[in-house]
Amino acid sequence: MAPSAIPPVTELADRPAVAAAEKISDSEGTKVPEVGFRNDPNTSPPKFNDPYAERKYLKHRLAIAYRILAKHELSESVAGHITLRDPVDPESFWVNPFGMHFSLITDEDLIRVNHDGEVVDGGRNRLLNQAAYAIHAAIHKARPDVNCAVHSHTIYGRALSATGRPLLMLTQDFCTFYNDIVVYPNFAGLVLATEEGRRIAAALGPHKAAVLGNHGLLTVGQTVEAAVVYFVMLERLCQTQLAAEAAVAGEVGKLIVIGEEEAKVTYQSVGGPDSGYFMGLPLFQVGEREFGERTYLGRGLEAL
């Protein structure tokens, strides 16, 4: 029997939404059902009355975040950085010292940088990656809602960034980034100038992710957990898309892309910041076990 023909993307994009999606769509005023974890206080970020206790907690979360990227082989030599807005002084952020491998970073190694690029606190090695400052300071200034930003030079992120193509909605997981990711095509060499950082921040706009042309990936979130899981997911999605494109010998029009309505409804369930935090928890559960349980486990703060 001859294999069935694969409809072109243009036909698939025009097809009506499936019945299930229509039933939960908000296009006619019907509210998309809430996912159960959103009503559980144990699956929300902990609340603090003391900003210094919050700082201590979040610094440890940031240290674990570096270990997570290292575990998933998402670091490249001295490139890459994760920043965390400081809860005590929101006009500054914590970042890794330049030249230290992600797998070795502890709370005590992190340095705090103000928006003028001055290292003001922390770290036994206080060497600052100027690219980290140029990119992240601009993002933290432009986006008060962003508390964490992640950037690294990963294999599949770099590969997709060299194609200039956007992320396609190929599977359910891709829908986490539906209309929430941009392609920044302008590669201007090492990002050492604050003006280039501002251009990246402007291109990112209100979105949670960017493919930086000929460079790598960038994700942001209201929490460390969300920003990190977005980054890990995005790298895997780049790998999936490149594999799918290879499977059709580069004839992208043969790929079956999820319809607009289905992608929109799925995004409404998995694309928000609360979902991002929840999806990131399993990564940090493993991190807590391997790198020290100094975190919120639904029962209070431990070992702080």
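- Going by an unreviewed UniProt entry, the protein chain carries the name Class 2 aldolase adducin domain-containing protein and comes from Cercophora scortea.

## A closer look at helix H7 (residues 224–247)
Logical step 1: For H7, which comprises 24 residues, the first-to-last C-alpha distance of 35 Å matches the rise-based estimate of 34 Å (1.5 Å per residue) to within 8%.
Logical step 2: Residue Ala249 follows H7 closely and has a positive phi angle near 55°.

## Quick look at unusual backbone geometry
Logical step 1: Even without a glycine there, the phi angle at Asn214 is positive, about 55°.
Logical step 2: The topology assignment puts Asn214 in the loop between strand E7 (209–212) and strand E8 (216–221).

## Some details on the packing of helix H4 (residues 130–142) against helix H6 (residues 194–204)
Logical step 1: In the contact formed by H4 and H6, the axes pass within 8 Å of each other and the chain directions differ by 45°. Between H4 and H6, the angle falls in the class oblique. Classified by chirality, the crossing of H6 by H4 is right-handed. Residues Tyr133, Ala134, Ile135, Ala138, Ile139 and Ala142 of H4 pack against Thr194, Gly197, Arg198, Ile200, Ala201 and Leu204 of H6.
Logical step 2: Taken together, the residues of the contact of H4 with H6 sort by class into nine nonpolar, two polar and one charged.

## So, the sheet that holds E7
Logical step 1: An order of E4-E3-E2-E1-E5-E8-E7-E6 is seen for the eight strands of this open sheet, with the pairing classed as mixed. With partners counted over all chains shown, the strands left at the sheet margins are strand E4 (119–121) and strand E6 (181–184), one partner each. Looking at each pair of strands side by side, their axes are set apart by 25° on average, direction ignored.
Logical step 2: Where E6 meets E7, four bridges bridge the pair, whose relative direction is parallel. Looking at E7, one finds that Val182 is bridged to Ala210.

Each value, and the rule that gives it
- Residues numbered from 1 in each chain as written.
- Predicted model: local features only at pLDDT ≥ 70, side-chain atom pairs only at ≥ 80, totals over all residues.
- Heavy atoms only, no water.
- Helix = DSSP H or I, 4+ residues; strand = E, 2+ residues; numbered from the N terminus.
- Expected span 1.5 Å × (residues − 1).
- Axes fitted to C-alpha atoms, helices over the stretch in contact; angles between N-to-C directions.
- Parallel < 35°, antiparallel > 145°, perpendicular 65-115°, else oblique.
- Left-handed = near helix turned anticlockwise from the far one by under 90°.
- Contact = heavy atoms within 4.5 Å.
- Nonpolar A, V, L, I, M, F, W, Y, C, P; charged D, E, K, R; others polar.
- Pairing = 2+ DSSP bridges.

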